[in-house]
Structure formats: structure tokens, C-alpha cells
2 protein chains.
Amino acid sequence: MPFSQPLPLQSGAAIRDYALSYETYGTLNASKSNAVLICHALNASHHVAGVYEGQPKSEGWWDNMIGSGKPVDTDRFFVIGVNNLGSCFGSTGPMHVNPDTGRVYGADFPVVTVEDWVDAQARLLDELGIRQLAAVMGGSLGGMQALCWSLRYPERVRHAVVVASAPNLNAENIAFNEVARRAIVTDPDFHGGHFYAQGVVPKRGLRIARMIGHITYLSDDVMNEKFGRQLREGIDLKYSTQDIEFQIESYLRYQGEKFSGYFDGNTYLLMTRALDYFDPARTHGGNLAQALAQTQAKFLLVSFTTDWRFAPARSREIVQALLDNKRAVSYAEIDAPHGHDAFLLDDARYLNVVRAYFARIAAEGVAA
Amino acid sequence: MPFSQPLPLQSGAAIRDYALSYETYGTLNASKSNAVLICHALNASHHVAGVYEGQPKSEGWWDNMIGSGKPVDTDRFFVIGVNNLGSCFGSTGPMHVNPDTGRVYGADFPVVTVEDWVDAQARLLDELGIRQLAAVMGGSLGGMQALCWSLRYPERVRHAVVVASAPNLNAENIAFNEVARRAIVTDPDFHGGHFYAQGVVPKRGLRIARMIGHITYLSDDVMNEKFGRQLREGIDLKYSTQDIEFQIESYLRYQGEKFSGYFDGNTYLLMTRALDYFDPARTHGGNLAQALAQTQAKFLLVSFTTDWRFAPARSREIVQALLDNKRAVSYAEIDAPHGHDAFLLDDARYLNVVRAYFARIAAEGVAA
């Protein structure tokens, strides 16, 4: 969907002649009251559910959650997936041409924030004729967008579903992001962010960034269970610093390699920076309850016990701040072994919590 | 101290014509019964205490622990600090010439293990005429050496003091090491480990390695307290992905830069690999108690509550395995906010525990 009106950004800059890639699933009802917006995290896209014709492996990233008969049931809801500005899966991003210069944006793509994404999503909804969302939902960075929606467009959100998220990044979260960014930026193939013209990709940096990411997505327990100290080959040590010795090394190198083949370096910088910047309490002297006073939605928060990236305590901060404002909040702390990754995995209790919550929303919708 | 006899290594290789840098503090008594060997961790050296003549800032890395009147009191003990083989602070390492080829070792320096270091240290003690240590002591990777001493030379160790350590690395520990190694190895200035001849240093990789290290040395709590979400300059955001915005970024970049100016890339690979490989239970089917059956020493174990690199639970594994063998074990779990770094810092309870333990050792020595 192309947008000709410039979008003003938090930074003071603006972006014009941009496009947003999106997909929809299910049918918008006559009253346009059954729309659910799905917000994605760092490396996902608008393709949230289903497979593309003739591509059986093209499953959407939240296909276990969204679809016919699934927790977010597309027989009842009209689900919208949208790729964020600055991402690399179809919406306008660093790989596209800057209309002001006629050259590829590269590092000149403006820094975008969670607030900017929400504004862009709101314009998409305007175009689709959707005034109010039955729900906005996301995990991790997507959960931040859902929370932001409830603040920025309180009257347009009936429910916000915030999964495995946080009211802001802590110092350690920012630290990991910064290491990943430095790995990309200092890769000689980064060329100051204008590597497209050179026909190269900062693959070394992207590999390192992804390896760091994977460590923080998994719990200690699941890593020990899945990999432990298992050697990749046989039982004899090879005594090498560069060859793969342990299974965990093999796994990380594989993930890094795969990622460096499809993800854009500038997008990685933008996405991690949006994470760093998100902090609704900032303009309220750090008082989250005060920041969330402007919300009107009902909330479902979900966290996972072994998530050390966005620990349950961070979700509880949001829950407490909402309760301080006497908002309707449901909160589920799921005892799952998989760390931050759990929000994308099949966990019966988790999926059932979301299913029950959306059944309630559907019932409201019928009543409305 | 030069050694002409080749040292056989765990890998099956051997190293010849090597030298070990060491320092001693205090006086060896007539019965040679008051020697304490200090083993260093990843990036430290033989310079454990005191300052060099005219260099007031050259404080040893464990100067708060070792010296006249300090917990390891050099008025009573003869303390030996030794730089490990493969390190970059004086002992033979990758920057030195391989006598077999006449060329700088670089990546050809043999992979060394904790066991190899202990063997080399034992030869140094032979040269110094010390048959038995009053104590061997180390933190982190140094603690692994202390534990290894008690296994490899049971009759030569009266006490082993193992601080902030673990019986082996878990998958997450190995994962962080591997990311750091990949950052170094894939730096174009690494040149397959033979960068000395090119007049370059894999600084980009070393910076990333050190930044990752620092994140794992600090606790979440101390990071939030020291840095939190504090901006480096003023209160306005700059909206940049590459400029420093948060204090934590500034801190990490500074640490990375400093480290890349003095540490050797090949040494980093060797040290992290030695960490990965250490696992005394491996040759006992994973049974640590069985592995530790051959120890004869008495033990002091110390861990720190917020250390998530080598969590207290890992020290408790060692304690339990020693108790299973009815060894004399003292264990202190220090409630300290500083994470893994705590083993190098001033914490009164920690220093007092070590002081009391060494006072006991001294009393024994007098009795003997």
C-alpha cells in the first residue's frame, strides 16, 4: 500500500512516498469491528500466518497462533499483518530509493521508533476503513507496539495483547543490541551503511549479531538440555580453536549464516534502535503508571518464566502500572522452559490463554 | 624462566624451548612450606600484586587480595604469580617465534588446556624447589586451574581455593566464547591468525569479544544501577543508530577499545578454548564426584549470588562432589551485587572469608 502524504517521525524528520506491505486473513465484518492487528518483532514480517500458493515451507511466523480454528481465529477475526517501515520484507526500507536523492537510502534511512511504526500502521487502518481494532497484538518488540497503540490511539484499541515484552529495555538489553550493531557497523563490508552499491553485504557482522541474538532468545536450561557440552563429532576432542567442536557452536554458526543471507544490515540497526528508544515512561519522569493513564483498552499480558531477555518482572511492571490506573488486565505467567523464544512456540497453556481471551473478545463483538 | 625440556600437551602435541614469566612476593620459608600459587583468568597475568618501581598505576590485578597484611598475607606466605603458556604478557605465546619453523607461531601455537597450564606451573615449582604448595588459588578460569591442581598433583596441594568458578562451562558459556572467537577469526585483519607479519591487529574482533565479555561479567542489577537507561549527553535523544546515545554504549565501546590495544587475538582464542575444554568429569562419564575422588587437598569454594556466568549452583556442584568424597570443604556464597566481576572487587565479607581461611593455613604451617 503506497502512501503519498509524508509521515512525520519522532526524530523531527519525515518520510514520503513510502509503502507498507501487509497481508490480511479472514473477513472484515460489516461493522468493521473484528479487526486484529499483529505487530512483528525484530526479524519478522507481515506474513504472520498460512503458506503461499505452491510454497509449502512458507509458513507465517505466527502460524500456530493465527488461522482458522486457531487461538486468534480467522473464522471470526479479520487479521492484519504489516511489515514495519525500515524492515527488509517489502515495506519501504534502507534498500529502497530515497525519493529526495534518487539514491538507495542505505544508512540515510531515517531512524524510526515504535511510535512511528504505530503511526504508519494507523494510516494503513485508515486506508482499510478500520476505525477501531478489536485487538492489537504482538510479542517482544511487537508487544511494545501493542502497548504503544493503547497509548497513542487509545480510542482505536479495544484490547491490547502484549506478549513477552517490557516497558523499556534495561541496560543489559541495550548492551547486547549495541554489541550487535558494532559488529555490523565495523564490518569492512558495511561501507558506512552504503554497501548496496558495492555489491557486498556485511555478513560477518550480521552473523555475529544473530549469534548474540540467539543466545539471548534461549534459556540457559533449554540450551543445556538441547546442546549441553555435546561434541559435534564422536567423543574425541580435536583441540582446535577454529573448528567446530561443540554442538552449540554448530547451531550458532548455522543460525548466523542463514540470517546473514536474508537480513539487511541497516534494518538490524534500525530495529534494535527502535527497541532501545521505546520508553513510554520517559516523558513522565520515569513514572509508568502516569504514562499509562491515557490508555482505554483492556489488556492481556503474557510472560514466560525462563525469559531472561524480557523477564516476567518486566511484564509485571506493566501489569502493576495498568492496575494503578484501574484498567482491566489479565496476566498469565507461563512456566515454560524455552526462554524468550517461547512466545513463538507451541505451549498448550499459552495458546489456551490467548484462545480464551480472543473468545471473550469475539463474544463482546457479537454483543456490540 | 626458560624451559628446554619439551612439555607434552593434552592434544598430543608438545611445546619446546618455552619460557614462563612469573613474579614472587614474600619469602619462601626454610621448610618451603609457605608457597601459594595464584592462577590467573582469561586476561590477567603473573603480576598479581604490588606496583612496579616508578609506575604507580601498575597495580597487580589481585592487589586487594595479596600483599603485606592483606587476606593472602605476603608477610607469612611466599606468593607466586605465573603467566600461562599462550598468554600475551611475557610467557611464550602466539606472538613468539616457533623454534621448529623460525617464524612467529600465530595461529600455529598449540592449543593448550587447563591441564597443560598446571603441568607447566608444576615444572616452575620444581625449578623453584617447591615440592608442596600451602595453597593454590584462582578465580574463574584461575579457579579451574586450582581445582585441576588438586586432581593432577594431589600430593602437592595442601589447600585449593576456588573462587567464582565452575566444574565446566555450560552451553551458554561456550556460546558466548564462540561468538567472541568468531568475531576475531572473521575480522579481515586476523589473516588466519598470522596477522603479525601484516602489521595489523584484529581490533574489530577483539573489541566485540571484550564487549560481550563485559556484559557477562556484570550482573543485570549492577548494570541497571550503574548505567540504566542514562543518556550520555543531556536529555534529548539524537535518533542515531551509530552515535553513542546511552552511557552503557559508551562504557562498552571504551572497554572494547582499550582491550583491543593490548590483548592478543590468538591468545583470546586459546584462553576461551581452554575454558571450553575444562571438564574433569568427562573422563568419568560425567560423574564429578568420581573425578574428584583422587583429590587430597582441603578446599575453600567461594561464589557470588549475582554471578550469572558461573552461578553459585556451579560452585555447589563442586562442593557436593567433594563432600561425597568426605573432603574438608569450606564454602561461602557471598551476597554481592557485582556479578562475576565480584571476585576481583572489594567486598568485606569475601575478603574476610579468604583472610580467615589463610590464617588457618598459616596456623597449620606453624604447627607443621
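Residue indices begin from 1 for each chain and proceed along its sequence in written order. Following the order in which they are written, the chains are lettered starting with A and the ligands numbered starting with 1. The model is predicted, so local features are restricted to residues of pLDDT at least 70 and side-chain atom pairs to those at 80 or more, both for listing and for counting; the totals for chains, interfaces and linings are taken over all residues. Calculation of side-chain values draws on the structure's entire complement of heavy atoms; hydrogens and water are dropped beforehand.

## So, the nonpolar core
Step number 1: In terms of nonpolar packing, the biggest core is built from 190 residues, with Trp149 of chain A together with Trp149 of chain B touching the most fellow members.
Step number 2: Discounting chain neighbours no more than four positions away, the residues touching Trp149 of chain B are Leu37, Cys39, Val118, Gln121, Ala122, Leu125, Leu133, Val136, Pro154, Arg156 and Val157 of chain B. Residues belong to a common nonpolar core when they are buried Ala, Val, Leu, Ile, Met, Phe, Trp, Tyr or Cys residues joined through side-chain atoms within 4.5 Å. When a residue's accessible area, from a 1.4 Å probe over protein chains only, is under 20% of the maximum for its type it is buried; when over 50% it is exposed; and in between it is partly exposed. Contacts between residues were defined by any pair of non-hydrogen atoms, one from each residue, lying within 4.5 Å.

## Some words on the relation of the copies chain A and chain B
Step number 1: The least-squares superposition of copies is restricted to C-alpha atoms, and to residues with a pLDDT of at least 70 in both copies. Overlaying chain A on chain B yields an RMSD of 0.0 Å, the required transformation being a rotation through 180° with an accompanying axial translation of 0.0 Å. In the structure described here, the two chain copies are related by an operation that fits a two-fold rotation axis.
Step number 2: When you check the interface residues of chain A against chain B, 100% turn up at the interface there too, and the contact is symmetric in its surfaces.

## Considerations on the domain arrangement of chain A
All names here are of chain A.
Step number 1: Note: domain ranges come from an automatic or database domain assignment. According to the domain assignment, chain A contains domain 1 (22-82 + 132-168 + 279-365) and domain 2 (173-272).
Step number 2: The gap between the C-alpha centroids of domain 1 and domain 2 is 28 Å.
Step number 3: With both sides pooled, the region where domain 1 packs onto domain 2 buries about 1300 Å², and carbon together with sulfur makes up 57% of that total.
Step number 4: When the buried surface of domain 1 facing domain 2 is broken down by residue, Leu42, Trp308 and Arg309 rank first, second and third, together holding 47% of it.
Step number 5: Counted as salt bridges are all cases of a side-chain nitrogen of Lys or Arg within 4 Å of a carboxyl oxygen of Asp or Glu. Applying the counting rule to domain 1 against domain 2 returns zero salt bridges.
Step number 6: In this count, Pro and Cys sit with the nonpolar residues alongside Ala, Val, Leu, Ile, Met, Phe, Trp and Tyr, while Asp, Glu, Lys and Arg are called charged and the others, Gly among them, polar. When its residues are assigned to classes, the side of domain 1 that touches domain 2 shows five nonpolar, six polar and two charged. Throughout, buried area stands for the accessible area (probe radius 1.4 Å) lost by two parts on being put together, summed over both.

## Details of the sheet that holds strand 10 (residues 135-139) of chain A
All names here are of chain A.
Step number 1: By this definition, two strands are paired if DSSP reports at least two bridges between them. Helix numbers and strand numbers start at the N terminus; a helix is a DSSP run of H or I with at least 4 residues, a strand a run of E with at least 2. Taken together, the seven strands give an open sheet; going across it, the order is 5-9-6-10-11-12-13, and neighbouring strands pair in mixed fashion. Across the chains shown, the open sheet's two edge strands, defined by having one partner strand only, are strand 5 (22-25) and strand 13 (329-334). Direction aside, neighbouring strands of the sheet carry axes that sit 15° apart on average.
Step number 2: Judged from the four bridges that link them, strand 6 (residues 35-39) and strand 10 form a sheet pairing that is parallel. Across the sheet, residue Cys39 finds its bridge partner in strand 10, namely Gly138.
Step number 3: Note on method: axes are straight lines fitted to C-alpha atoms, helices fitted across the in-contact stretch only, with angles between N-to-C directions ranging 0 to 180 degrees. Packed on one face of the sheet, helix 1 (residues 114-127) meets strand 5, strand 6 and strand 9 (78-82) and runs near 135° to strand 9.
Step number 4: Against the sheet, helix 2 (residues 141-152) contacts strand 6, strand 10, strand 11 (159-163) and strand 12 (298-304), and its axis sits at roughly 150° relative to strand 10.

## Structural notes on empty space enclosed by the protein
Step number 1: As defined here, a cavity is a set of points on a 1 Å grid over the protein atoms alone where a 1.4 Å probe fits but cannot get out. A pocket is an open set with protein on both sides within 12 Å along at least five of seven lines, and residues line them when an atom is within 4 Å of a point. Grid points are joined across faces, edges and corners, and a volume is the space filled by probe spheres set on the points. By the definition in use, this model includes six cavities of 30 Å³ or more.
Step number 2: There is about 110 Å³ of room inside the largest cavity.
Step number 3: The wall of the largest cavity is formed by 14 residues, among which Ala183, Thr186 and Arg204 of chain A together with Ala183 and Arg204 of chain B lie closest to the centre.
Step number 4: Its residues assigned to classes, the lining of the largest cavity shows six nonpolar, four polar and four charged.

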